[in-house]
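Letter by letter, the chains look like this.
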Amino acid sequence: MVAPVAAQLHEVMGEVRARTLKLVAHLDEDQLTAVHSPIMSPLAWDLGHVAAYEDLWLNHRLAGQELLRPGLAELYDAFETPRAVRGDLEFLRGAELLAYLDDVRARSLEAPVRDGGELHELVIRHELQHTETMLQAMRLAGLEPPAFAGPAGVAGSGLELVEVPGGAATIGAGPEGFSYDNERPRHVVELPAFSIGRVPVTGADWTAFAEEGGYSRPELWTPAGWEWARDVSPRMGAPDAPIVHVSWFEADAFARFHGARLPSEQEWEKAALAGLLEGTYEVWEWTASEFSAYAGFVAHPYREYSEVFFDKGYRVLRGGSCATHERIASPHFRNWDLPQRRQLFAGLRIAR
Ligand SMILES: [Fe+2]
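Since we're looking at a predicted model, the values are computed, not measured.

*Asks:* Tell me about the sheet that holds strand 5 (residues 284–290), residues and numbers included.
*Replies:* Strand pairing in a sheet is mediated by backbone hydrogen bonds. Such pairs are either parallel or antiparallel. Taken together, 4 strands build an open sheet; the order of strands is 7-6-5-8 and the sheet is mixed. Only two strands of the sheet have a single partner each, and these edge strands are strand 7 (334–337) and strand 8 (346–347). Pairing of strand 6 (residues 315–318) with strand 7 involves 4 bridges; the strand directions are antiparallel. Its bridge partner being in strand 7, Leu-317 is matched across the sheet by Asn-335. Helix-sheet contacts for helix 10 (residues 265–273) involve strand 5, strand 6 and strand 7, and the interaxial angle to strand 5 is about 135 degrees.

Shown next, in the form of structure tokens:
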């Protein structure tokens, strides 16, 4: 008999896999294997990588078995194989890819569940995060699933601010339950009073910025942002929905245009936990903060999840997006990317 925790995890794994396959069900083999962007993997690579990661963590590391197909380990290792070269590889495709996903899964259902299913949860969330990355690639290629809608509308303007009193804020995830290493340890910071957008900046707010010269005034931009801005077209979006697919450079310039700034990630978390923010989890929200370790950080379960990205110029995004599964969305979750990236389902909220 399968223990209740294991049965529950296996059910979730099944639901997540069905969701993953549904997201690509409308695509043909060429669309699955093509390189849609130099910064994104072919979708079929992502699918094979999801299976390889599951085999590594549940069947090899946890259950102590040989990898199902050791010859694929390097091909599907995200660090050995940077995105830029993934299109040139002989990654699995077609029926062989589906069989690999199924064969790994059949073994995983026999793996022991330890520490409350921590590694199972890691594997589940890894797949959910890859489906968001895959949606980014589909969006860049204009290949979103028919049912996929962008961010839902919000009432009002991102220029309306709410006040947050100064004082202590508890930041980060507690010791219980599943969390990523970079969300720990929980700690207290003192923050001066600030104000923050009640809702994210909307498409209407953004159009005004673009039409009033936001993209042509160098004083609004950081030097690197200004360099970047010369080669891009202004972003446009639905007037009543949060603006989406803007870079950190653009978000930062937008805030300066309004005599404001981006919130720090601590400010965002404090305001989110106090229930002051509306329209959260529609778009990732860029913050002013650079991605770095909380004091007392311990890498877990591997250095490459977070530690190798600390203090390398990545900016933190908070919240979640219309492409993020609810299992991942949390006020503690820290996403990160480079300031020039526009492929994320990312917008912003301003602060003062
Ligand atoms: Fe991955």
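*Asks:* Got a sec to walk through the domain arrangement of the chain? Specific residues and values, please.
*Replies:* Structurally, the chain comprises domain 1 (4–141) and domain 2 (161–348). Counting from both sides, the interface comprises 20 residues of domain 1 and, opposite them, 23 residues of domain 2. Roughly 2100 Å² of surface becomes buried between domain 1 and domain 2 when both sides are summed, with 63% attributable to carbon and sulfur atoms. Here domain 1 and domain 2 share 1 salt bridge between them. Between Glu-121 and Arg-327 there is a salt bridge; the shortest N-O distance is 2.8 Å. The tally of links between domain 1 and domain 2 comes to 7 residue pairs in polar contact (both at pLDDT 80 or more). Going through the elements one at a time, helix 1 (4–23), helix 3 (43–62) and helix 6 (118–140) are the ones with two or more residues in the side of domain 1 that touches domain 2. Broken down by element, the residue count for the side of domain 1 that touches domain 2 peaks at 13 residues, all from helix 6.

*Asks:* Any details on the nonpolar core? Residues and values, ideally.
*Replies:* Across soluble globular proteins, nonpolar side chains show a tendency to be buried alongside one another. Residues Trp-206, Phe-209, Trp-221, Trp-286 and Leu-348 are the most contacted members of the largest nonpolar core, which totals 54 residues. Of all elements in the fold, only helix 1, helix 3, helix 6, helix 7 (203–211), helix 8 (223–229), helix 9 (248–257), strand 5 and strand 6 reach the threshold of two or more residues within this core. It is helix 9 that provides the largest number of residues to this core, a total of 7 residues. Core analysis: the next-biggest nonpolar cluster, separate from the first, contains 30 residues, Leu-27, Ala-51, Leu-143 and Val-283 among them.

*Asks:* Now, about the layout of surface pockets: what can you tell me, with residues and values included?
*Replies:* Put simply, the largest pocket is a space of about 1500 Å³. Lining the largest pocket are 50 residues, with Ala-78, Phe-79, Arg-83, His-130 and Phe-309 sitting closest to its centre. Only helix 3, helix 4 (83–86), helix 6 and strand 7 provide two or more residues apiece to the lining of the largest pocket. In terms of residues, the lining of the largest pocket owes the most to one element, helix 3, which gives 9 residues. Considering only residue class, the lining of the largest pocket consists of 28 nonpolar, 9 polar and 13 charged. Counting only domains with at least three residues in the lining of the largest pocket, you end up with domain 1 (4–141) and domain 2 (161–348). If you trace the second largest pocket, you find it lined by Arg-19, Lys-22, Leu-23, Pro-145, Ala-147 and Phe-148.

Reading the values: rules and limits
Residues numbered from 1 in each chain as written. Predicted model: local features only at pLDDT ≥ 70, side-chain atom pairs only at ≥ 80, totals over all residues. Heavy atoms only, no water. Pairing = 2+ DSSP bridges. Helix = DSSP H or I, 4+ residues; strand = E, 2+ residues; numbered from the N terminus. Contact = heavy atoms within 4.5 Å. Axes fitted to C-alpha atoms, helices over the stretch in contact; angles between N-to-C directions. Domains from an automatic or database assignment. Buried area = accessible area lost by both parts, 1.4 Å probe. Salt bridge = Lys/Arg side-chain N within 4 Å of Asp/Glu carboxyl O. Polar contact = N/O pair within 3.5 Å; in protein donor to acceptor, adjacent residues only side chain to side chain. Core = buried A, V, L, I, M, F, W, Y, C linked by side-chain atoms within 4.5 Å. Buried < 20%, exposed > 50% of the residue type's maximum accessible area, 1.4 Å probe, protein only. 1 Å grid on protein atoms, 1.4 Å probe; cavity = no way out; pocket = protein on both sides within 12 Å on 5 of 7 lines; lining within 4 Å. Points joined across faces, edges and corners; volume = space filled by probe spheres on them. Nonpolar A, V, L, I, M, F, W, Y, C, P; charged D, E, K, R; others polar.

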